[in-house]
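Notes for the structure review
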Amino acid sequence: MNEEYDVVVLGTGLTECVISGLLSVSGKKVLHMDRNPYYGGESASLNLDQMFEKFRGQDAKPPASLGRSRDYNIDLIPKFLMANGKLVKILRMTGVTRYNMEFALVEGSFVYHKGEIHKVPITPTEVAKTPLLGFFEKLKAKKLVSYLYDYDQSNPKTHQGFDCTKDTMEKIYKYYGVSDDTTDFLGHAVALYTDDSYMTTVPAIEVIERMRLYEESLNMYGKSPYVYPMYGLGELPQVFARLCAVYGGTYMLDKRVDRIVYDDNGHVVGVESGGEVAKCKMVVGDPSYFPEKVRKTGKVIRVICILSHPVKSTENAKSTQIIFPQKQTGRKHDIYCCVTSFTHHVAPNGKYIAIVSTTVETDNPENEVKLVLDLLNPIDEKFVYILDTFAPLEDGKKDGVFISKSYDATTHFESCAVDIVDIYERITGEKFDWNKKPVEPQEQ
């Protein structure tokens, strides 16, 4: 360990593993450490015995009725991948797909509306057929969706008097006269915003791009825009760890971090563990390693449920995402329900894993998701997981310490991928090259 590295990465969460892989491929000498004896950190996948030990105590044992422990791979942080999203593009460009990693399509994408669950409509044709909207609202929504998909910034004929690089979605919604029913599914279930602040805080072109990403991802496979790795999300950090190792990176699990070492100017120069110091030019890590350098941004509740049935009103889908928009539940933030099952090898035959998540707003977090838990009944077992979320106080350019953001309540990886790219660009000082092709290890 008493060597000099370009980068020391702390924590083996997905964000950290992707960054270490990217940096290693780009020629950086990387040391990757984790205090845990397993890969994944907070984004690990656990078997049933590990789940009971983590949430019920060291001596807790699961009931035999749930099946074999090794047949479970339960995500602590539930996330799906947009089929044409940023994380999938990173998977392709780094070549980690060569490491026998398999993905399967998520069967459905649904939204909660007025007490019922409906398939998310996205094309003008689907909008015209959806029971989410009344007859006259469908006409307005269809015109709006057609306008948004036809909009081309370089073609003024498609603008209809708007400049979507400046105008807000609130202005466009008002022009088309659509109701909250339309803005709920477009803004939350398609563009995937977590609350309504996007209507006034971002230009409409950003919303359009998010909607197009959803449609592009949906068109790739049909049933939904999401894919999910076989055997759970714990596979993702491991393939990027393998990528890092192939390109010369060094991994140390079950390795405590005693302190971060700085020079007289306050710039990081090493990481100390067990009396040894790994010298480095910069450090990357998750917020838990830098409590003095992060601020609390909120709290997230995740309720992990084991079921023996598909979720009702989802067409018996064996995997799905259901979004509960804030206005439909009387909250400030959306609630998400991510469902996987035996078809993805995360549970025994006939078992389903449903994970409900949201941003905490009260002193009784579990009661905030009661509406969703009631829809999931009967529940075989549930595990309540509440975590504080953090963000770095500074960008890391001054002291060489680059800290990731905590995983949010959403059940997709787009916000995580944005954080990965942002950290990478701050470290390298270069724009992320989305067109870069992977170099085979033997070509180095």
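All values reported here derive from a predicted model rather than from experimental measurement.

To continue, consider helix α10 (residues 235-246). Over its 12 residues, α10 runs 17 Å from end to end, which matches the ideal 16 Å to within 8%, given 1.5 Å per residue. Along α10, the residues classified as buried are L236, P237, V239, F240, A241, L243 and C244.

For I77, the location among the structural elements is in the loop between β4 (74-75) and β5 (81-82). For the pair formed by I77 and G41, sequence separation is 36 residues and the distance between their alpha carbons is 9.9 Å. Dropping the residues within four chain positions of it, I77 is found in contact with E42, S43, L233, R302 and Y407.

In this section: the environment of K223. Its place among the elements puts K223 in the loop between α9 (204-221) and β9 (226-229). Taking the C-alpha atoms as reference points, K223 and T428, 205 residues apart in sequence, are found 38 Å from one another. Once you skip the residues sitting within four places of it in the chain, K223 turns out to touch L105, V106, E107, G108 and L218.

A few words now on the sheet that holds β9. Reading across the sheet, the three strands line up as β5-β9-β6 and stay open at both edges, with antiparallel pairing between neighbours. The open sheet has two edge strands with one neighbour each: β5 and β6 (103-105). Bridge count for β5 against β9 is two bridges, and the pairing is antiparallel. If you follow L81 over to β9, its bridge partner there is V227.

Turning our attention to the side chain of T12. Its location among the elements puts T12 in the loop between β1 (4-10) and α1 (14-25). Engagement of the side chain of T12 in a polar contact is seen with the side chain of D34, the distance being 2.4 Å. Residues contacting T12, with those up to four places away along its chain left out, are C17, H32, D34, Y38, Y39, G40, G41, P237, Y251 and L253.

Sheet architecture is open: seven strands sit in the order β8-β7-β15-β16-β17-β14-β18, paired in mixed fashion. If you trace the sheet from one side to the other, it starts and ends with β8 (116-119) and β18 (381-392), each paired once. Each adjacent strand pair in this sheet contributes to an overall mean axis angle of 25 degrees, direction not counted.

Once that is clear, we can look at the packing of aromatic side chains. For the structure shown, the criterion picks out 18 aromatic pairs. Centre to centre, the rings of Y39 and Y251 are 5.7 Å apart; their planes meet at 55 degrees, and the pair counts as tilted. Here the residue Y39 occupies a position in the loop between β2 (30-33) and β3 (45-46), and Y251 occupies one in strand β10 (residues 250-252), the gap between them amounting to 212 residues. Look at Y251 and you get buried, because its relative accessible area is 18%. With 5.9 Å between their ring centres and 40 degrees between their planes, F80 and Y226 make a pair best called tilted. Linking F80 in the loop between β4 and β5 with Y226 in strand β9, this pair joins segments that are 146 residues apart in sequence. Given the relative accessible area of 0%, F80 is considered buried. With relative accessibility at 0%, the residue Y226 sits in the buried group. Chaining the aromatic ring pairs together yields one cluster made of Y147, Y151, F162, Y175 and Y176. For K29, the ring lying beneath its charged end belongs to Y5, and the centroid distance is 5.1 Å.

P378 follows N377 through a cis peptide bond whose omega is 0 degrees. Topologically, P378 is positioned in the loop between α13 (370-376) and β18. Unusually for a residue other than glycine, K114 sits at a positive phi of about 50 degrees. Mapped onto the fold, K114 is located in the loop between β7 (108-113) and β8. Residue H345 is not a glycine yet carries a positive backbone phi of 60 degrees. Positionally, H345 belongs in the loop between β16 (335-341) and β17 (352-359).

Conventions adopted
Residues numbered from 1 in each chain as written. Predicted model: local features only at pLDDT ≥ 70, side-chain atom pairs only at ≥ 80, totals over all residues. Heavy atoms only, no water. Helix = DSSP H or I, 4+ residues; strand = E, 2+ residues; numbered from the N terminus. Expected span 1.5 Å × (residues − 1). Buried < 20%, exposed > 50% of the residue type's maximum accessible area, 1.4 Å probe, protein only. Contact = heavy atoms within 4.5 Å. Pairing = 2+ DSSP bridges. Polar contact = N/O pair within 3.5 Å; in protein donor to acceptor, adjacent residues only side chain to side chain. Axes fitted to C-alpha atoms, helices over the stretch in contact; angles between N-to-C directions. Phe/Tyr/Trp six-rings, centres within 6.5 Å; stacked < 30°, edge-to-face > 60°. Lys NZ or Arg CZ within 6 Å of the ring centre and 35° of its normal.

Honestly, that's just the spatial picture; any functional story needs more than this.
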